[in-house]
Amino acid sequence: DSPTNKVEQNNVVTYVKTVFNLKNDLIYSEIEETIKVGKSKEIKGIEEGLKLMQEDEEFKFIFSSFVSHGFSGDGNKIGANTPVIVNIKLLKINK
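Residues numbered from 1 in each chain as written. Predicted model: local features only at pLDDT ≥ 70, side-chain atom pairs only at ≥ 80, totals over all residues. Heavy atoms only, no water.

J.: Give me the lowdown on the side chain of Thr18, citing residues and values where you can.
T.: Mapped onto the secondary structure, Thr18 falls in strand β1 (residues 12-20). Exposure remark for Thr18: the relative accessible area of 12% places this residue in the buried category. At a separation of 3.3 Å, a polar atom in the side chain of Thr18 contacts the main-chain amide nitrogen of Glu30. (Helix = DSSP H or I, 4+ residues; strand = E, 2+ residues; numbered from the N terminus. Buried < 20%, exposed > 50% of the residue type's maximum accessible area, 1.4 Å probe, protein only. Polar contact = N/O pair within 3.5 Å; in protein donor to acceptor, adjacent residues only side chain to side chain.)

Structure below.
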């Protein structure tokens, strides 16, 4: 097993996410989060996406409502059955 610079289960990661709807309208602007992968309340799609990333990389993910906030939305700005685009910049991985 060679060491990896990618995110793994139980790593603590810090990232910035910006959330848009499919029309590219801003929903949430640059929210910085620090989570423990596999133990957070973050949506599954973001956790899985983070596992593809290395520090200082920036990815754009398109998530169906099923892997983002499902049938209920987030109870705030994201409605029920709403797919989202999430830009993520991975700032730090703590192994």
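There is more to say, and it comes next.
J.: Lay out the packing of aromatic side chains in plain terms, naming residues and giving numbers.
T.: Counted by the stated rule, this structure contains two aromatic pairs. Centre to centre, the rings of Phe59 and Phe61 are 5.7 Å apart; their planes meet at 40°, and the pair counts as tilted. Looking at Phe59, the relative accessible area reads 26%, which means it is partly exposed. Look at Phe61 and Phe63: their rings are 5.6 Å apart centre to centre, the planes differ by 10°, and that puts the pair in the stacked class. Per residue, the accessibility class of Phe61 equals that of Phe63, and both read buried. Among the aromatic residues, those joined into a ring-pair cluster are Phe59, Phe61 and Phe63. (Phe/Tyr/Trp six-rings, centres within 6.5 Å; stacked < 30°, edge-to-face > 60°.)

J.: Give a description of the sheet that holds strand β2 (residues 26-36) that names residues and reports values.
T.: Whenever strands of a sheet pair, they do so through backbone hydrogen bonds, lying parallel or antiparallel. With respect to topology, four strands assemble into an open sheet ordered β2-β1-β4-β3, the strand pairing being antiparallel. This sheet does not close on itself; its edge strands, each paired only once, are β2 and β3 (58-63). Taking each pair of neighbouring strands and ignoring which way they run, the sheet shows an average axis angle of 25°. Across nine bridges, the pairing between β1 and strand β4 (residues 84-94) is antiparallel. When the sheet's bridge partners are listed, Thr14 is paired in β4 with Lys92. (Pairing = 2+ DSSP bridges. Axes fitted to C-alpha atoms, helices over the stretch in contact; angles between N-to-C directions.)

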